[in-house]
Amino acid sequence: MKTILIGALALLAGTLHAADDGRQLVAMPAAAEAALRVEMRANLLAINEILGLVAAGKITEAGEVAEKELGHSAMGKHRSQPFDARPGPHMPAAMHAIGMEGHQAASDFARVAASGDRDKTITALPSLTSGCVACHYAYRIR
Ligand code: HEC
């Protein structure tokens, strides 16, 4: 029963995706697009690492990774690159704002985790991925 339900949901999600993709297409130079993708894969890696650390009870370490890889400390990585290789300036303002809010949320999470409080840190975990979801459901680059 459970398998059938999951199968039906996957099918439904597939249909919705194909028929109803209302995301805004954002045009970027190829170099900026490549830089964005590299950064995105690093984001996913960081989320995975943070989840693993929280699960293992390594709360302050999880906060350190969040700040370094996703928080304010992770901003400006492309600043020294040529304009065409920087994703940020090619984003519409609203998209860029979601990105900034994501960095802010990660730094806020890092502060909670720095306390070493496991329960509060677990409660704060979803704030790490809200920005990812908000941007991915609103924008695409191809
Ligand atoms: C400001 C917008 C924005 C935010 C915030 C954002 N992403 Fe992305 N992400 C994108 C866009 C745009 C793409 C490319 C989508 C496409 O192919 O059209 C992308 C692609 C990706 C990819 C695929 C990379 C590849 O190699 O193709 C991964 C993985 C990813 N994002 C993970 C994340 C994670 C995890 C977070 C949160 C920590 C996140 N993203 C936050 C905009 C964003």
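Below or above, wherever it landed, is the structure these notes cover. A quick note: this is a predicted structure, and the numbers were derived from the prediction, not measured.

**Here's the deal with the coordination of the iron atom of the ligand**
Protein ligation of the iron atom of the ligand involves Met40 (SD) and His136 (NE2), the donor distances falling in the range 2.0 to 2.2 Å. Each of the six donor atoms bound to the iron atom of the ligand contributes to angles spanning 84 to 178°, and the resulting shape is octahedral. Pair noted here: methionine 40 is in helix α2 (residues 30-55) and histidine 136 is in helix α6 (residues 126-136), with a separation of 96 residues, a long-range link. Since its relative accessible area comes to 32%, methionine 40 is described here as partly exposed.

**Concerning helix α4 (residues 93-114)**
Along its 22 residues, α4 runs 31 Å from first to last C-alpha, staying within 8% of the 32 Å computed at 1.5 Å per residue. Every buried residue of α4 is accounted for by Met95, Ile98, His103, Ala105, Ala106, Ser107, Phe109, Ala110 and Ala113. Looking one or two residues beyond α4, the residue adopting positive phi is glycine 116, at roughly 80°.

**As for the environment of valine 112**
Within the secondary structure layout, valine 112 lies in helix α4. Considering only alpha carbons, one finds valine 112 and threonine 60, 52 residues apart in sequence, at a separation of 8.9 Å. Ignoring any residue separated from it by four or fewer positions in sequence, one finds valine 112 in contact with Lys120, Thr121 and Ala124.

**Some points on the environment of threonine 121**
As for its position among the elements, threonine 121 is in helix α5 (residues 118-124). Classification of threonine 121 by relative accessible area gives buried; the value is 0%. In sequence terms threonine 121 and threonine 60 are 61 residues apart; their C-alpha atoms lie 9.4 Å from each other. The residues touching threonine 121, leaving out its near neighbours within four places in the chain, are Val54, Ile59, Phe109, Val112 and Ala113.

**Digging into the nonpolar core**
Among the nonpolar cores identified, the biggest contains 17 residues, and Ile50, Val54, Leu70, Phe109, Leu125 and Leu128 are the most heavily contacted of them. Elements that contribute at least two residues to this core include exactly α2, α3 (59-70) and α4. With residues up to four places along the chain from it excluded, the contact list for leucine 128 reads Ile47, Ile50, Leu70, Ala106 and Phe109. In this structure, Leu36, Met95, Ile98 and Tyr139 belong to the second largest nonpolar core, which totals ten residues.

**Observations concerning the side chain of histidine 103**
By the element assignment, histidine 103 lies in helix α4. Owing to a relative accessible area of 14%, histidine 103 belongs among the buried residues under this scheme. Separated by 3.3 Å, the side chain of histidine 103 and the backbone oxygen of glycine 71 make a polar contact. Not counting residues within four places of it along the chain, the set of residues in contact with histidine 103 comprises Leu70, Gly71, His72, Ala74 and Met75.

**Considerations on the site of the ligand**
Neighbouring the ligand are 15 residues, the closest being Met40, Arg41, Cys132, Cys135 and His136. Residue isoleucine 141 places a main-chain N or O atom 2.8 Å away from an oxygen atom belonging to the ligand. Of all the cavities here, the one that holds the ligand is the largest pocket. Those elements giving two or more residues to the shell around the ligand turn out to be α2, α4 and α6. Residue classes in the shell around the ligand are distributed as seven nonpolar, four polar and four charged.

Definitions and limits used
Residues numbered from 1 in each chain as written. Predicted model: local features only at pLDDT ≥ 70, side-chain atom pairs only at ≥ 80, totals over all residues. Heavy atoms only, no water. Donors = N, O, S within 2.8 Å, 3.2 Å for Na, K, Ca; no water. Tetrahedral: all angles 85-135°; square planar, octahedral: opposite > 155°, others 65-115°. Helix = DSSP H or I, 4+ residues; strand = E, 2+ residues; numbered from the N terminus. Buried < 20%, exposed > 50% of the residue type's maximum accessible area, 1.4 Å probe, protein only. Expected span 1.5 Å × (residues − 1). Contact = heavy atoms within 4.5 Å. Core = buried A, V, L, I, M, F, W, Y, C linked by side-chain atoms within 4.5 Å. Polar contact = N/O pair within 3.5 Å; in protein donor to acceptor, adjacent residues only side chain to side chain. Near = heavy atom within 4 Å. 1 Å grid on protein atoms, 1.4 Å probe; cavity = no way out; pocket = protein on both sides within 12 Å on 5 of 7 lines; lining within 4 Å. Sits in = over half its atoms within 2 Å of the grid points. Nonpolar A, V, L, I, M, F, W, Y, C, P; charged D, E, K, R; others polar.

In short, the description is geometric, and any link to function would need to be established separately.
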